[in-house]
Structures are given as structure tokens and as C-alpha cells.
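# Close look at the chain arrangement
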Amino acid sequence: MTRSPAARWAPRLAAGALLAGLLAGALSMAGGARLERADFTFNNGTEVTTLDPATVSGVPEGRIIRALFEGLCIKHPSTLEPLPGAAERWSLSEDRTVYTFHLREDGRWNNGDALTAHDFVFSWERFLNPLTAAEYAYQLWYVEGAREYTHLIDDFAYQPDWDQNLWVEERGESIVRVGCSGYLLAAADGGDLVAPTVGPGDVHAAGGTVARLGGRPLHLSLAGRVRAVNAALPGEVSALARDAYGEGWLLELEVAPGALAEALGRGDVVAGAAFRAERAFDERVGIRALDEHTLEVRLASPTPYFLQLVAFYPLFPVNRRNLTEARERWPGTWELRWMRPENIVTNGPYTVEFRRVNDRIRLVKNPAYWDADRVALGTIDALAIDHLGTSINLYLTGEVDWIDRPITSIIPRLLPREDFNPAPYLGSYFYRVNVDRPPFDDLRVRKALALTIDRRAITTSITKAGEEPAWAFVPPGLPGYRKVELTSEAARGFAAGAEDAADGFARDVERARALMAEAGFGPGGAELPTIEIHYNTDETHKDVAEVIADGWKKRLGLNVKLLNQEWKVYLDTQKTRTFDVSRSAWIGDYADPNTFLDMFVTGGENNRTGWGNLEYDELIAAAALEADPTRRMEHFAEAEAILMDELPILPIYFYVTRNLVNPRLGGFHPNVVDEHFPKHWYWMDDAELAARRAVQPAEWVEVPARGPAEGLYPPTTREGRGR
Amino acid sequence: MTRFLLRRLMWFAITLWVVVTVSFFLMRAVRGGPFDNDRALHESIERNIKARYHLDWHPFKQYLHYIGPLNLDEQGPEFLGGDGTRPFGGVLTGDFGPSFKYRDFTVNDIIGQSLPISVSLGVIALLWALALGLTVGIASALWRGTRIDVGLRLVATAGIAVPNFTIAGFLVIGFVFVLPLFPVAGYGTWRHLVLPGFALGGPFAAYIARLTRTGMLEVLSQDYIRTAHAKGLPPRTVLLRHAIKGGVLPVVSYLGPATAGILTGSLVIERIFAIPGTGSHFVNSALNRDYTLAMGVTILYTVLVYSLNTAVDFAYTLLDPRIDLEES
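The text that follows walks through the structure, step by step, so that each part is easy to find. Bear in mind that the values here come from a model prediction, so they are computed numbers and not experimental data.

What follows is about the overall build of chain B. Scanning chain B for helices and strands turns up 12 helices and 0 strands. Along chain B, helices and strands appear, N-terminal first, in the series α-α-α-α-α-α-α-α-α-α-α-α. Evaluated residue by residue, chain B yields a buried proportion of 50% over its 328 residues. Considering only contacts in chain B between residues 6 or more positions apart, those separated by 24 or more positions represent 68%. Working note: accessible area of chain B is about 15500 Å², and carbon and sulfur atoms make up 68% of it.

Right, here's the structure in full:
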């Protein structure tokens, strides 16, 4: 068989071309994704759940949202004192329950809209609205009527009798106006507008359908002839939402005289006036725009940390036009679209330029920001790298300027470096005890367990970054709050100096043994039960659990098993309380004992121990109502004393921050909530860096400071910024 | 040929349906839900989130809704138009729904962004594996029994035994920290894909080398090769024109599973090198209980593996005329 050379070579050429094409395609794909290096790059640790400030609760999300949006107040980068943000100033009434915020006149969104008090009313209504599914909605429940609003709307949204969403009002001689909840109009997902199904002149039979909302029929038990239909209704969603349940009527009916009164009497329909009074946001919730630039917030009771909450990212505003326009353009998918980089409207120091899932969010300076003249960095990349080894490698090769979780095993080597400075962090590592399960229902057993945890061994040999052993639940460093520890010789020894701690611990163990014997376990008593320590899969948690298990085995003679579970299964186990002892942690949302202590009120969602104490509940409730700061702190201290006496939890240690930051970065300050504010960041030039190094402790090991040698400073003069 | 393809298509549909159904119910049977967090949600808020994603429905109703094209979102079933204005159209309309975890994206967005990245990484890895594997395999067969052969076989065996993330570790030490030639991780330029491509392709190269060696040895002992030699053809011609075609046949049959393996096996490599490909979603979506994303990548990989295997069977007929697909 002979073939022409062309025929023989064609397949090979084709194959060769195919391979070359594949390679070229693959390489150019990668090349096409090239982005200029940002001014500053940090590893955010994971892909964020969403950019919507109202619906998230995670640390990585918070970092991005604080760059994009700005609340009425922002926090001072180191002291966390409230600083003016969108509000220029504010005042508090004498009884400490009414805040008046004066928004700055030059506040702008990056689409040019003025930032007004109405934006906050809109955003906070949305935040409280449970259909928004705000995980942190309870943080605004300190506002008068807010909690009730959420619950009321909640009941309403889940009204089994759907027709109750229609209201009816007499408008004249046998003329009845029928309207629909503006709230529902606004809240219904996917552009589900109220669509009337009847037209003028139609005769409506009692119980027939008058309209559909999101495909669901709305029935009206009132019979009559349709006089008019409000055709403009679907287009006015946002106006209706603003007016809550205002004048957004749907249709006019001509009914038999007296029919409305009769129906109202039977309870078949809801009266419009009652409907509005009962449900209107404006009338019930203490959030009101007095004018364009004045926002009044009435609190249910004095809340000393309210300004901290206002500076907390879930309470940051979103742009109304941003949301409503997206809703109009993409009725079905607007919730995904409004925060796309090309659509999102922000009022913070940065806005989004680019996003690639699991890779990065590129932030770019927002020129419309009121304080833009003092923002130095033009672009910031937030990477979503969850692999700790990769993260530290990127930092060490200078590709990333800030990471917050170096691998624990290399901590000892990082400690002397100038770029690693662990600082106290408002977080507590502890074990929950299931107090309903014997033998943990016996307080003596819980006490014995708490006393035989060698906390110092854990912090010195496992966590290593300078964590403080904990004999209390609330971390130290909260202004005005005194430390309340469980009675322990080791704790006393630790406070006095490390030498006494070991001694004290030995005495604690003695006491623990006595307590176990008293509880009827051990020699001569009942057989010692097997305890299971439950934790989520993680090296550190495992090491800690092993040290604790070993201690309980050796010192109390208990049988201890370890049970590790994958994160979501672990959460389920905690939620259903099918554990003996379960590893836990809590990071404070704001610098106040309340963020820790209110979780252990009887039946609280985050309690998960089965423990409850009436006195404790009362103290927490009293603290919420207490206007005097000293007495308030005393209530909390008494509550914590109860907690540390009854021990539904076993405290272990308090966290420290673990930031590794490029030494050239200025404006990055340690603080107890480990929140950092890109608005203040800048690159130091060599002179400033040298000046800073001259005053830092001599034993700190200098590391290469990558970044621009000439620095990168904000457009305003360099004076008065971090020098 | 047509009959073969039709039969394959039928089995493809059945396979896909089984995979989708089993994974759908399996995933919902696993403890823990997509919205569980260490901060417990307020009861009413949790209920609202669940209602939004229809997790309050009976699983079977969720399943029907997920499959589509009947959208059960509304009262009364309604067939969907392709205007894209509906929240969710169902898998049969090509809509994989919104991601539960990455709430700013639909599953289609995520796959659309990440798949090309995984594919380019896979192509590089595969080409590298082929180039290295074939060369080593042929060299090994030609110098059979010599020290070169023993050395190459040793390396190849080691390459199969060592997992790709270990190779990745050595590559990072060697070419990032000792010789700073390549970036340690990340995505953006072709240089970012070199190390992960090498690490990912390494074990496959080793396996291809072994297959090639065995295949070549078998072919080289055949009568027609002896005839070719006897005819006085130069050894190069015998090798390149006559022996290779038969010798690489085992490699071709391995290409299907290899491609699938490279695409699915990239998850560890993608994580280590911070490549935003689809592989990482394969694991993370399951850990996050991101039901829709997990279903999306499962379906994606089912389709990929199945069509690649079909393509390989097809390629067989081109290389070996003795194979008849109609008969098989």
C-alpha cells in the first residue's frame, strides 16, 4: 500500500499541531490571567461567603467589607475607640438611650449618590428583616422595637394563612381599597411582584384570587365588582418598601353596603389601619431619618457598647439604588448580581475591581471616599489561600505582605523576628461539658476535670505563641472589667510568678482527687467512667486534647478517649449535644464582656452545654438595663463568678494574634479584636523604616522589608501620619 | 460506529442519572448542613435561610426541583423559558443553581471560571507526562538490561510510588528556595503553572514510561520487526515507523484514565500551589456541605471521565485496525 507523502504526513502534522495548539492555549490562558501586582497583598485565608455586609459573620468577610463599606463610626486602629465615619459627629441623650448621628455633608457613594440617613434606614430595615437572612441581626436588637420587628415580620412572612397579607380599607360609600404588604413586595425574592389577576369591571366572588405574589395566589373573602386596578404598582416596589405598608393599594372594589364591616367582624380580612400600625417599620422601630443628614436611633435600654456595634461591619450601609436597579434588571438573580465588581456601589475607602473564586479579590481605592486624600494604597489583593504551608511560603518569598496564621510548628523560629509580634486577642479556648450526662451532672466531677488541666504545658509546648493560660472565660484586657477566675492554686501561682504555678497545680490535683472521691468515684467508689473528648479535626486541637486526656488519665485515673470529627459533623454533634466534653472557642465581636457572657444564658443558641442558672440569667439581663458602667461591670463579674463556680465550661487558654506583617507596612496596629483597617495602611520609606527600627527592642531580628524603598504615602502631606 | 456511539450515549445517560441521584441523597444524608456555623443562628433566621434554599422541603421534592425542568419554586409546576430570569431552572436546563457557600456566585459561574484553569494545568501536566514518559520508556526498551534501563526503571517505579504532593514539596524546595526560578504558588502567568504541571504530571510520566517499555519490548520481539530488520532497514526507521505505533498502544488506552486522573488528581496540587481550579471545589464543596456546588462538580467529572474514555476507545480503532467497536 502506497500513500502520497501528503497523506502520510497529514495525520502527524495534525497531531503535532493539535499538541502545539493545546500547549499554546494552556499557556496563553494562564498568561491572559495576568494582573499587575497590587500595592499590597494579604492572604485572607479563604474565599469569602459574600460581600453583602448584612448577611455574613466571618472574619475574612469582615476584612473585605470594612474596606468596601463604612459605617456611621469606624474604630480607632489600636484603641478601637469610635471615630467618625459616615457620621461626622453624634450625641447621646441624657438617659443614654437616644443617639443622634449627624452624617457628613460630603458623604458620597462611588456612583455619585449622596450618602444620607435614608440609606441607613433602608440598610438597617433590610438587616433586621429576617428574609435577608442576616446572621448577625440580633446585634441591632438593642434598638427599640427592632427585636419585635424581626419577630413580627417573621411571623408574618410565615403566616400560614397567606391571605392575611392583604389589607382592606373603607374608602367611601361601599368602596373598598385592597392593598398588599409593601414589606412582602420588597422582600419577595426573584422579582416576585404582586400581579393583579383581575381587571376593572370584573366581578369578584368571595374567596376568589385577586392577585398573585411570587406565583402564590392571594385570596380575598370579600365579594364585589372591581372598580380600578393600580397598574403602577409593580414598578414602585422600592417606593413601597420605603413607605413600608403605606398607600400602596392594589385595587378598588365596589362591595355591598356593610359587607366590609361584616367581614371585619368575622375576622375574614385585615383592616388597613390596623395592619399598618401593627407592622410599619417606621412607627415601631426606633430608627428614623430626621432629615437627609440626621439619623436618630432610640435604644431599648442604655447600651454602652452601641457605638462599637455601629462600627461593626454588619451594620454598614448598602446603596439602595444598587440593589433596586439590580432587582429590576435581573429579577431572578439580582441577589448575585448587585455585588458583582461591575455593579457594586460602595462608600468605603475601597471598591472591588476584580474577583476570581478561590483566588483573589482585587480592591482599588475609591476616589469618591470622603477621606480619600488620606488613603495611601491604590490597590490591595486579598488572596483566598487556605493551605497554611503555601501561605507561609508566599509570605517568606515576599509575594504576600501579611498572613495571620503561620504554621504552629515554626512559631518558635518566628518569635524573635521583628515581623511577628503576637498580641492579646479577644478569644477564649475552652471545653464545653455536657452537664446533662452523668457523671458531668455532678459539679464535683466538673471541678476535678477543670483543676487537672495542665494549662501551662499546653501554652508552652503546643500553642507556643505566648498564649495565656485561662482559669476564666472572659479574656483579659477589657477596660473596666476585673478578672474572675475559678478557685485554683495553679492560677494563683501563675499570677504570682511561674515558679509557684507548678506547685499550685500539684495542690489542685490533690483537691481534684479529693473531689472525685467525694463524688463517689475511684478507689472504694464507683468505677471511673470513660470520657470522650470531642474536637474538630485539626493538629492543634488534637495535641491539646492529648495533653488533657493524658492528665485526666494519670492524675484522676479516668479512661479518656479522643473523638475527632470533620467540622460540620462536629458542629452537629455540639448542636445536638451528643458529646461528653467538646472543644470550643469564642471570639468576641466587640470589646465588652457581654459578647462572651450572654452566650450562656439558659437556652441560648450558643450555650450548647445544657447548663442554665436563673441567677446568672438575671445578672445578664440586669447588666443590659444598667446605666452605671461600674455597676454594670459588677453584674458581669458576678455572672462570670457563677459560671466559674458551676463550670459548664472548662477554660483552657486565651488566644493571641499571630500576624506576620511586612515590617515596611505602616499604619498596621495590634488590637484586641485583631481587626485592621486598610484606610490607614501605607508603605514606609527607608528613612522612616530605619527610624522605627532604631526604637524597637534590640533583640528583634530584622528581616528584609520588601516593598517600595521610597515608600507609598497618602496624597496629603506625610506629617501627622504614624510618624 | 454509529451504533457504538449510540449505545455509549444511552449508557452515559443512565450512568449520569445514577450518579446524580445517589450523590444527591447521599449528600443530604450526611450530618451537618450548609448553614451550620460555630455561631448558632437565631432560630427564625435559620428557618428563613433554609426556606430560601428550599431545604425545608422533603428531599424528594428538592430532588425534583434540582433536576428540573419543572420549577417547583412556585405554586403549580411551570415549564421554564430560557430567558434566564428565573431564580433556578434545574440541571436539565443546564442550570446548576446558586452556590450555598459562595453566595455571590452560581455554580455555573464557579465552574466557568475554574474549569479552564484546571484544563490548562491538566494539558501542561499531560503533555509533560507524555513527553517524558514516552522518551524514557522507549530508551529503556532499546537499552534493555543495561544500567541505563535499570536506572530509568528505578526512577519510574519511584515516580509511581511517590505521591504528587511530595514531588511538589521537593520542587518547591529546589526551584523556589534553593534556585529561585519560579513563584512558590499563585496563578496569573505561565510561570505559575510550571511547577504544579511538573508535580501533577510526574507520577503519570512514570507510569507511561513503564507502559511504553513493556509495549515496546513486546512489539520489538514480533516477527514483522524481525522482517523489517532483515530487509535491511536502518534501526531508526524500524523503531520510528514500525515499532512505535504498536508499542504505544497501551499508552493510548491509558490516556483516558490518565486525563481523568490528572483532572481529578489536581485537587491536592491546586491547593498546594494555590491554583484557583475546579479540583479544590471537589473537596471543599463536600466539606462545606455546599450541596449545589458539590453536585455540579460531581456531574462535571462524570461527564469528563465518561467522554474521555469513549474518546480513547474511539482512538483505538485508528491505531489498531484489528479492533472493531461494533463487535465489542
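Another aspect to go through is the overall build of chain A. Within chain A, the secondary structure is distributed over 24 helices and 29 strands. For chain A, the residues scored as buried account for 57% of the 723 residues in total. For chain A, long-range pairs separated by at least 24 residues make up 69% of all intrachain contacts whose partners lie at least 6 apart in sequence. Carbon and sulfur atoms make up 53% of the accessible area of chain A, which totals about 28300 Å².

Moving on: the nonpolar core. With 107 residues, the main nonpolar core has Phe101(A), Trp124(A), Ile287(A), Leu295(A) and Phe306(A) as its most contacted residues. Look past the residues within four positions of Ile287(A) in its chain and what remains in contact with it is Val121(A), Trp124(A), Leu128(A), Leu140(A), Val143(A), Phe281(A), Leu295(A) and Glu296(A).

Before going further, it helps to spend a moment on the packing of aromatic side chains. Taken as a whole, this structure holds 41 aromatic pairs over all chains when the rule is applied. Of the aromatic side chains, those joined through ring pairs into one cluster are Phe40(A), Phe42(A), Trp402(A), Phe668(A), Trp681(A) and Trp683(A). Across from the ring centre of Trp57(B), 4.1 Å away, lies the NZ or CZ of Lys61(B), which sits over that ring.

In this chain, Pro438(A) is followed by Pro439(A) through a cis amide linkage whose omega measures 5°. Residue position: Pro439(A) is located in the loop between strand E21 (424–433) and helix H15 (443–451). The phi torsion at Leu647(A) lies on the positive side, around 50°, for a residue other than glycine. Locating Leu647(A) in the fold gives a position in the loop between helix H23 (629–646) and strand E26 (649–656). Its relative accessible area of 1% is what places Leu647(A) among the buried residues. Unusually for a residue other than glycine, Arg289(B) sits at a positive phi of about 55°. With respect to the helices and strands, the residue Arg289(B) is situated in the loop between helix H11 (279–287) and helix H12 (291–319).

Residues and elements named next belong to chain A. Together, Glu88, Glu105, Asp106, Asp291 and Glu292 make up a negatively charged patch on the protein surface. Within the secondary structure, Glu105 is located in the loop between strand E5 (98–103) and helix H3 (117–128). On the basis of relative accessibility, which here comes to 57%, the residue Glu105 falls in the exposed class.

It is worth spelling out the interface of chain A and chain B at this point. Between chain A and chain B, the residue contacts involve 74 residues of the former and 63 residues of the latter. When chain A packs against chain B, close to 6100 Å² is buried across both sides, 54% of that on carbon and sulfur atoms. Its largest share of buried area at the contact with chain B, chain A owes to Thr49(A), Val357(A) and Lys568(A), together 11% of the area lost on that side. When the shortest N-O distance is used, the salt bridge between Asp572(A) and Arg31(B) registers 3.0 Å. When contributions to the side of chain A that touches chain B are tallied by element, the ones reaching two or more residues are helix H1 (5–32), helix H4 (146–157), strand E11 (216–220), helix H12 (334–337), strand E17 (350–356), helix H13 (388–396), helix H20 (567–575) and strand E25 (581–587) of chain A. No other element matches H1(A), which puts 9 residues into the side of chain A that touches chain B. Its residues assigned to classes, the side of chain A that touches chain B comprises 31 nonpolar, 20 polar and 23 charged.

What follows covers a nonpolar patch on the surface. Taken together, the side chains of Met10(B), Trp11(B), Ile14(B), Trp17(B), Val18(B), Val22(B) and Leu26(B) make up a nonpolar region of the molecular surface, amounting to roughly 720 Å² of accessible area. Looking at where Leu26(B) falls in the secondary structure, it is placed in helix H1 (residues 2–29).

Below, the discussion takes up the sheet that holds strand E15 (residues 287–291) of chain A. Residues and elements named next belong to chain A. Reading across from one edge, E4-E5-E16-E15 is the order of the 4 strands in this open sheet, with antiparallel pairing throughout. Strands with a single pairing partner mark the edges of an open sheet, and in this sheet they are strand E4 (87–92) and E15. For this sheet, the mean angle separating the axes of adjacent strands, direction not counted, is 20°. Where E5 and strand E16 (residues 294–298) come together, 5 bridges link them in antiparallel fashion. Across the sheet, the residue bridging to Phe101 is Leu295, located in E16.

Let us now look at empty space enclosed by the protein. Residue and element names in this part refer to chain A. One pass over the full model with this rule turns up 10 cavities of 30 Å³ or more. Space inside the largest cavity adds up to approximately 110 Å³. Arg66, Glu70, Ile74, Phe677 and Lys679 are, among the 13 residues lining the largest cavity, the residues nearest its centre. The residue inventory of the lining of the largest cavity, partitioned by class, reads 8 nonpolar, 1 polar and 4 charged.

Residue and element names in this part refer to chain A. Strand order in the open sheet made by the 6 strands is E22-E26-E21-E25-E23-E24, with mixed pairing throughout. Unpaired on one side and paired on the other, strand E22 (468–469) and strand E24 (559–565) mark the two borders of the sheet. Bridge analysis of E22 against E26 gives 2 bridges, and the strand direction is antiparallel. Looking across to E26, one finds that Pro469 is bridged to Tyr653.

Quick look at the packing of helix H6 (residues 164–178) of chain B against helix H7 (residues 191–220) of chain B now. All names here are of chain B. For the pair H6 and H7, interaxial distance at closest approach is 9 Å and the crossing angle is 140°. When the axes of H6 and H7 are compared, the crossing they make is right-handed. Contacts between H6 and H7 involve Asn164, Ile167, Ala168, Leu171, Phe175 and Val176 from the former and Leu195, Phe198, Ala199, Leu200, Gly202 and Pro203 from the latter. Its residues assigned to classes, the contact of H6 with H7 comprises 10 nonpolar, 2 polar and no charged.

So, about H6(B). For H6(B), with 15 residues, the first-to-last C-alpha span of 20 Å sits near the 21 Å given by 1.5 Å per residue. If you check which residues of H6(B) are buried, you get Asn164(B), Ile167(B), Ala168(B), Leu171(B), Val172(B) and Val176(B). Contacts made by the buried residues of H6(B) are with H13 of chain A together with H7 and helix H10 (249–272) of chain B.

All names here are of chain A. Examined against the element boundaries, Asn659 turns out to sit in the loop between E26 and strand E27 (660–661). C-alpha separation for the pair Asn659 and Trp402, spaced 257 residues apart in sequence, amounts to 7.0 Å. Residues in contact with Asn659, not counting those within four places in the same chain, are Trp402, Ile403, Asp404, Asp419, Phe420, Asn421, Phe668, Asp674 and His676. Within the structure, the side chain of Asn659 is placed 2.9 Å from the side chain of Trp402, a separation counted as a polar contact. At 2.9 Å, the side chain of Asn659 forms a polar contact with the side chain of Asp674.

Rules used in this analysis
- Residues numbered from 1 in each chain as written.
- Chains lettered and ligands numbered in written order.
- Predicted model: local features only at pLDDT ≥ 70, side-chain atom pairs only at ≥ 80, totals over all residues.
- Heavy atoms only, no water.
- Helix = DSSP H or I, 4+ residues; strand = E, 2+ residues; numbered from the N terminus.
- Buried < 20%, exposed > 50% of the residue type's maximum accessible area, 1.4 Å probe, protein only.
- Contact = heavy atoms within 4.5 Å.
- Areas by Shrake-Rupley, 256 points an atom, 1.4 Å probe, with all protein chains shown as cover.
- Core = buried A, V, L, I, M, F, W, Y, C linked by side-chain atoms within 4.5 Å.
- Phe/Tyr/Trp six-rings, centres within 6.5 Å; stacked < 30°, edge-to-face > 60°.
- Lys NZ or Arg CZ within 6 Å of the ring centre and 35° of its normal.
- Patch = residues over 30% accessible without salt bridge, like charges linked within 9 Å, V, L, I, M, F, W, Y side chains within 5 Å.
- Salt bridge = Lys/Arg side-chain N within 4 Å of Asp/Glu carboxyl O.
- Lys, Arg positive; Asp, Glu negative; His and termini not counted.
- Charge placed at Lys NZ, Arg CZ, Asp CG, Glu CD.
- Buried area = accessible area lost by both parts, 1.4 Å probe.
- Nonpolar A, V, L, I, M, F, W, Y, C, P; charged D, E, K, R; others polar.
- Pairing = 2+ DSSP bridges.
- Axes fitted to C-alpha atoms, helices over the stretch in contact; angles between N-to-C directions.
- 1 Å grid on protein atoms, 1.4 Å probe; cavity = no way out; pocket = protein on both sides within 12 Å on 5 of 7 lines; lining within 4 Å.
- Points joined across faces, edges and corners; volume = space filled by probe spheres on them.
- Left-handed = near helix turned anticlockwise from the far one by under 90°.
- Expected span 1.5 Å × (residues − 1).
- Polar contact = N/O pair within 3.5 Å; in protein donor to acceptor, adjacent residues only side chain to side chain.

In short, shape yes, function no, at least from these values alone.
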